[in-house]
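Commentary on secondary and tertiary structure
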Amino acid sequence: FVTDGGKAIAKAVRDTYGQPALHHRCRLHKRQNVLDHLPAGLRPLIGRQLDAAGVKEDSEAAERALRALASSREAELRPTAG
C-alpha cells in the first residue's frame, strides 16, 4: 500500500490486512512536506537533491545520499563556536 503518510490510513491498512501488509509513504507527498518546512530559497536545491536520491537504483546508495543531505543540513543549523 502506498499512502500519503496519514497515520489513520496506515492504521486502517494494518487493522484490515495485518502486519504482513507492506506500507510505504508516497515519495511525492514526503518530498512536498519536507520542502514546505524549508525557506523558499532552499527549496529548489533541496528538491533536486531529494530527486537525485530518489532515482538511484541501489537503495543503499539512495539512503546514503539522503543521510548525507540530512547531515549537511544539520551541520548548517549547528551554532558555531566563537
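Residues numbered from 1 in each chain as written. Predicted model: local features only at pLDDT ≥ 70, side-chain atom pairs only at ≥ 80, totals over all residues. Heavy atoms only, no water.

Regarding the overall build of the chain
We count it as follows: A run of H or I in DSSP counts as a helix once it spans at least four residues, and a run of E counts as a strand once it spans at least two, with each numbered from the N terminus. The globule rule is 2.2 Å times the number of residues to the power 0.38, and the radius of gyration it is compared with is taken over C-alpha atoms. Think of it in three bands: residues with accessible area under 20% of the maximum for their type are buried, residues over 50% are exposed, and the middle band is partly exposed, with areas taken using a 1.4 Å probe on protein chains only. Throughout, a residue-residue contact means that at least one pair of heavy atoms, one from each residue, lies within 4.5 Å.
On a plain count of helices and strands, the chain comes out with four helices and two strands. Seen in sequence order, the chain has helices and strands lined up from the N terminus as β-α-β-α-α-α. Radius of gyration (C-alpha) of the chain: 16 Å, far over the 12 Å computed for a compact globule of 82 residues. With respect to the three principal axes, the spread of C-alpha positions in the chain is 55 × 25 × 25 Å. Counting every position in the chain, which comprises 82 residues, the buried fraction comes to 18%. Sequence-distant contacts in the chain: of pairs separated by 6 or more residues, those separated by 24 or more amount to 11%.

Some points on the environment of Arg73
Within the element layout of this structure, Arg73 appears in helix α4 (residues 59-77). Along the primary structure Arg73 and Ile46 are separated by 27 residues, whereas in three dimensions their C-alpha atoms are 9.6 Å apart. Apart from residues lying up to four places away in sequence, Arg73 is in contact with Leu42 and Ile46.

Digging into α4
Convention followed: Under the convention used throughout, the expected extent of a helix is 1.5 Å for every residue step, that is, one less than its residue count. What qualifies as a polar contact is a pair of N or O atoms within 3.5 Å, subject to a donor-acceptor requirement within protein and to the restriction that residues adjacent in sequence count only when both atoms come from side chains.
If you check α4, its first and last C-alpha atoms are 27 Å apart, about what 19 residues at 1.5 Å a residue would give, namely 27 Å. Buried residues along α4 sit in contact with α3 (43-54). Regarding α4, its N-cap is Asp58, as a side-chain oxygen of that residue lies 3.1 Å from the backbone nitrogen of Glu60 further along.

Looking at the side chain of Thr3
Among the secondary structure elements, Thr3 is positioned in strand β1 (residues 2-3). In this structure the side chain of Thr3 is engaged in a polar contact, spanning 2.6 Å, whose partner is the side chain of His23. With near-sequence residues (within four places) excluded, Thr3 lies in contact with Ile9, His23, His24, Arg25 and Cys26.

Digging into the packing of aromatic side chains
Geometrically, a pair of aromatic rings is defined through the distance of the ring centres and the angle of the planes. Counted only if it meets this: In this scheme Phe, Tyr and Trp rings, the latter by its six-membered ring, pair at centre separations within 6.5 Å, and the angle between planes marks the pair as stacked below 30 degrees, edge-to-face above 60, and tilted otherwise.
Enumeration according to the criterion identifies one aromatic pair in this entry. Between Phe1 and Tyr17, the aromatic rings sit 4.9 Å apart at their centres with planes inclined by 35°, giving tilted as the arrangement. Of this pair, Phe1 sits in the segment before β1 while Tyr17 sits in helix α1 (residues 7-17), placing them 16 residues apart in sequence.

Here's the deal with the packing of α3 against α4
The condition that has to hold: Under this scheme, a helix contributes an axis fitted over its contacting stretch, all axes are lines through C-alpha atoms, and angles between N-to-C directions fall in the 0 to 180 degree range. Throughout, the term roughly parallel applies to angles under 35 degrees, roughly antiparallel to angles over 145, roughly perpendicular to angles from 65 to 115, and oblique to all others. Polar here means any residue outside two lists: the nonpolar Ala, Val, Leu, Ile, Met, Phe, Trp, Tyr, Cys and Pro, and the charged Asp, Glu, Lys and Arg; Gly therefore counts as polar.
One way to put it is that α3 packs onto α4 with a least axis distance of 8 Å and a crossing angle of 155°. Here α4 runs roughly antiparallel to α3, going by the angle between their axes. Two secondary-structure elements touch here, α3 through Ile46, Gln49, Leu50 and Ala53 and α4 through Ala62, Ala65, Leu66, Leu69 and Arg73. Residue composition of the contact of α3 with α4, by class: seven nonpolar, one polar and one charged.

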